[in-house]
Amino acid sequence: LGGAAAIEHGFELDDDLLRLMKEKGTFLVGTDVGYDSNISWGLDSTSARWQERMTIDRLKRAYKVGTKMAYGTDLVIDGPGLNRIQTSLKVLDTWKAAQIPAPYVLQTMTIYAAELLGIEKSRGVLEPTYWADIVAMKDNPLEDIEAVKHVHFVMKEGKVIRQD
């Protein structure tokens, strides 16, 4: 009701709040970690599994209600044996467990993230007059969102900055 652009985490959001967020255009940016991450951060196995189930349930409900979501994390530590990017992409496991379709997950990483940041008129889609910010994968992330873990090249403002 206060005009927040987004709710971070939102672990215990009920359906009424998810509907209110939809009505107000408030995004959910959940940092939706799963069991492995919860364990690595010190939760016991029962608490880690409970938290994972709660997160998956909230994701399913938010998607069903139509609450705007943007993929993001505020992770500041790496998971065991993982770098920061790999740790952040572990969140995909939870989204997949919640049966969020790959095309929608990709939109939360692009179009909806740009909208949340207020840059949707210059970034977030591949269109004339938009910045050429492209992350190209070897496989199609619309078919399997895991493809985002295998980057072929990155273009920032029309310039290739990384290529395999």
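K.L.:
Hey, could you run me through the packing of aromatic side chains in this one?
P.N.:
A ring pair, where both rings are aromatic, is described by two values, the distance of the centres and the angle of the planes. According to the stated counting rule, one finds three aromatic pairs in the structure shown. Measuring from centroid to centroid gives 5.0 Å for Tyr63 and Tyr104, while their planes differ by 70°, and the two rings are edge-to-face. Here Tyr104 lies in helix 6 (residues 102-109) and Tyr63 lies in helix 3 (residues 45-65), a separation of 41 residues in the sequence. Take Tyr63: its relative accessible area is 34%, and that puts it in the partly exposed class. Aromatic side chains Tyr71 and Trp95 sit 5.6 Å apart centroid to centroid with 50° between the ring planes, which places their arrangement in the tilted category. Taken together, the residues Tyr71 in the loop between helix 3 and helix 4 (84-89) and Trp95 in helix 5 (residues 91-97) connect sequence positions 24 residues apart. Grouping residues by exposure puts Tyr71 and Trp95 together as buried. Taken together, the ring pairs in this structure connect Tyr63, Tyr104 and Tyr112 into an aromatic cluster. When the ring centre of Tyr35 is taken as reference, the NZ or CZ atom of Arg49 above it lies at 3.7 Å.

K.L.:
I tried to follow the environment of Pro128 on my own but got confused; where do I start?
P.N.:
Of note, Pro128 is situated in the loop between helix 7 (111-117) and strand 3 (134-137). With 48 residues separating them in the primary sequence, Pro128 and Pro80 have C-alpha atoms 42 Å apart.

K.L.:
Help me understand the layout of surface pockets in this model?
P.N.:
Rolling a probe over the atoms, with the probe sized like a water molecule, indicates the empty space that remains. By volume, the largest pocket amounts to about 1400 Å³. Around the largest pocket sit 37 residues that line it, and Met109, Thr110, Ile134, Val135 and Met137 are the ones nearest its centre. Those elements that place two or more of their residues in the lining of the largest pocket are helix 4, helix 6, helix 7, strand 3 and strand 4 (151-156). For the lining of the largest pocket, the residue count by class is 24 nonpolar, seven polar and six charged.

K.L.:
Explain the pattern of salt bridges here, please?
P.N.:
A side chain of one charge can pair with a side chain of the opposite charge when the charged atoms of the two come close. Summed over the entire model, instances satisfying the criterion amount to 17 salt bridges. Of the charged contacts in the structure, one is a salt bridge between Asp32 and Arg58, with a shortest N-O distance of 2.7 Å. Placement of Asp32 in the loop between strand 2 (27-29) and helix 2 (35-40) and of Arg58 in helix 3 is noted, with a sequence separation of 26 residues between them. Accessibility assignment for this pair places Asp32 and Arg58 in one class, buried. As a salt-bridge pair, Lys149 and Glu146 come within 2.8 Å of each other at their nearest N and O atoms. Linked through salt bridges whose partners overlap, the residues forming this network are Lys96, Asp144, Glu146 and Lys149.

Rules of the game
- Residues numbered from 1 in each chain as written.
- Predicted model: local features only at pLDDT ≥ 70, side-chain atom pairs only at ≥ 80, totals over all residues.
- Heavy atoms only, no water.
- Phe/Tyr/Trp six-rings, centres within 6.5 Å; stacked < 30°, edge-to-face > 60°.
- Helix = DSSP H or I, 4+ residues; strand = E, 2+ residues; numbered from the N terminus.
- Buried < 20%, exposed > 50% of the residue type's maximum accessible area, 1.4 Å probe, protein only.
- Lys NZ or Arg CZ within 6 Å of the ring centre and 35° of its normal.
- 1 Å grid on protein atoms, 1.4 Å probe; cavity = no way out; pocket = protein on both sides within 12 Å on 5 of 7 lines; lining within 4 Å.
- Points joined across faces, edges and corners; volume = space filled by probe spheres on them.
- Nonpolar A, V, L, I, M, F, W, Y, C, P; charged D, E, K, R; others polar.
- Salt bridge = Lys/Arg side-chain N within 4 Å of Asp/Glu carboxyl O.

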